[in-house]
Amino acid sequence: MKRGILIILSGPSGVGKGTVREQLFKMNDLNLAYSISMTTRKPRPGEKNGVDYFFVDQATFDQKIAEDGFLEYAQFVSNSYGTPKDKVEEMLNEGKNVVLEIEVQGALQVMHKVPEALTIFLVPPSMEELERRIRGRRTEDESVMRERLAKAEREIKTKDSYKHVVVNNTVEQAAKEIAQIIRDHIN
Ligand SMILES: Nc1ncnc2c1ncn2[C@@H]1O[C@H](COP(=O)(O)OP(=O)(O)OP(=O)(O)O)[C@@H](O)[C@H]1O
Ligand SMILES: Nc1nc2c(ncn2[C@@H]2O[C@H](COP(=O)(O)O)[C@@H](O)[C@H]2O)c(=O)[nH]1
C-alpha cells in the first residue's frame, strides 16, 4: 500500500484551523486522517477526551516526553501540546494522509524531522478579524486571549517557512484552496 503524506496545518490561535479542517474532512477523495494531540489544557465545554484531544496532567505528558513518544511537542500559553508519534506512523502506513493541526514551534520541529511534509500556514484577513474571531469563540478569558493575540503577531512572521500560505477569508474558500494544494501534491 502507498504510504500517506504528512500535512501540517498551522497558523495563529483563532484563525480558523479547526473550522477549515472540519470542512476538509468532508472531502472523501483527500483520504485524510486527523492526529489527535495530547494536551495539559483543561477541556472546553463540549470537548471530548480522545476526540478533540487526549486531556492529561503534566506528569503524564512529561512521561510521554521521557518515553520519546512525541513526534513534536511545545508549550503554548501555559499549556503543553504534543503529537503522539505511534498513531501518526500507523495512519501513514495505512495509506492515510495525516493532518497535524499544530502551532508554530511544533510545526518547525516536524519540518526539520520530515522535510517532505506538506506545510500550510493559515493567515487571517487582518489582525482585527483575528481578534474578532478569537473573542467571538468565547473560550478564553481576557488575559489568555491577549497572550494568544500577542503570540499571533510573532507566529505570523514565520509564515514564509511554510510551503503554502492560505488566507482564511471564508471557510469554503480556504478549504477549497487547501484541498487543491493537497490534490496537486498527492496526484
Ligand atoms: N472564515 C471564517 N470567517 C469567520 N469566522 C471564522 C472563519 N473561520 C473560523 N471562524 C470562526 O473563528 C473562530 C475560531 O476558529 P477555530 O476555533 O477554528 O480556530 P483555530 O485556529 O482552530 O483556533 P485554535 O488554534 O485556538 O484551536 C470560531 O468561532 C470559528 O467559527
Ligand atoms: N505543537 C503543537 N501544537 C498543538 C498541538 N495540538 C494543538 N496545538 C495547537 O495549540 C494551539 C492552542 O490550541 P487550543 O486547542 O488550546 O486552542 C493551537 O494553535 C493548536 O493548533 C500539538 O500536538 N502540538
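Because the structure is predicted, anything quoted here is derived from the model rather than measured.

Engineer: Please clarify how the packing of helix H1 (residues 17-24) against helix H7 (residues 171-186) should be interpreted in this entry.
Structural biologist: Between two packed helices, both the angle of their axes relative to each other and the distance between the axes serve to describe the pair. Contact geometry of H1 with H7 gives a least axis separation of 9 Å together with a crossing angle of 65 degrees. At the point where H1 passes H7, the crossing takes the right-handed sense. When H1 is examined against H7, the residues Thr19, Val20, Gln23 and Leu24 are found in contact with a partner set consisting of Val171, Glu172, Ala174, Ala175, Ile178 and Ala179.

Engineer: Looking at this structure, I do not really get the sheet that holds strand E5 (residues 70-76). What am I missing?
Structural biologist: To summarise the sheet geometry, strands pair through backbone hydrogen bonds and adopt either a parallel or an antiparallel arrangement. If you walk across this open sheet you meet the four strands as E4-E3-E6-E5, and the pairing is mixed. Strands at the two margins of the open sheet, each flanked by one partner only, are strand E4 (54-55) and E5. For strand E3 (residues 38-39) and strand E6 (residues 79-84), the ladder comprises two bridges, and the chain directions are antiparallel. Residue pairing for E6: methionine 38 is matched across the bridge by glycine 82.

Engineer: How should the site of ligand 2 be read in this particular structure?
Structural biologist: Close to ligand 2 lie 15 residues, the nearest being Ser37, Tyr81, Ile102, Glu103 and Gly106. Of all the secondary-structure elements, those providing two or more residues to the shell around ligand 2 are E5, E6 and helix H4 (104-113). Grouping the constituent residues of the shell around ligand 2 by class yields four nonpolar, six polar and five charged.

Engineer: Would you mind going over the UniProt feature "domain: Guanylate kinase-like" (unreviewed entry) in the protein chain with me for this structure?
Structural biologist: The feature "domain: Guanylate kinase-like" (unreviewed entry), as given by UniProt, occupies residues 4-183 in the numbering adopted here. As annotated, residues 4-183 comprises 42% helix and 22% strand, and the C-alpha atoms at either end are separated by 13 Å.

Engineer: Quick question: what am I supposed to make of the packing of helix H5 (residues 127-137) against helix H6 (residues 142-156) here?
Structural biologist: Viewed as axis vectors pointing N to C, H5 and H6 meet at an angle of 150 degrees, and their least axial separation amounts to 11 Å. When the interaxial angle is binned, H5 and H6 end up roughly antiparallel. Viewed along their axes, H5 and H6 form a crossing whose handedness is right-handed. Residues Leu130, Glu131, Ile134 and Arg135 of H5 form the contact with H6, whose own contacting residues are Met145, Arg148, Leu149 and Ala152. Here the residues of the contact of H5 with H6 are counted per class, giving five nonpolar, no polar and three charged.

Engineer: Teacher, can you tell me more about the site of ligand 1 here?
Structural biologist: In the neighbourhood of ligand 1, 14 residues make up the surrounding shell, with Ser13, Gly16, Gly18, Thr19 and Arg133 lying closest. Within the residue set of the shell around ligand 1, elements represented by two or more residues are H1 and H5. Of the residues in the shell around ligand 1, the class split is two nonpolar, nine polar and three charged.

What counts, and where the lines are drawn
Residues numbered from 1 in each chain as written. Chains lettered and ligands numbered in written order. Predicted model: local features only at pLDDT ≥ 70, side-chain atom pairs only at ≥ 80, totals over all residues. Axes fitted to C-alpha atoms, helices over the stretch in contact; angles between N-to-C directions. Helix = DSSP H or I, 4+ residues; strand = E, 2+ residues; numbered from the N terminus. Left-handed = near helix turned anticlockwise from the far one by under 90°. Contact = placed C-beta atoms within 7 Å. Pairing = 2+ DSSP bridges. Near = placed C-beta within 6 Å. Nonpolar A, V, L, I, M, F, W, Y, C, P; charged D, E, K, R; others polar. UniProt positions renumbered as here; feature names shortened; annotations may be inferred. Parallel < 35°, antiparallel > 145°, perpendicular 65-115°, else oblique.

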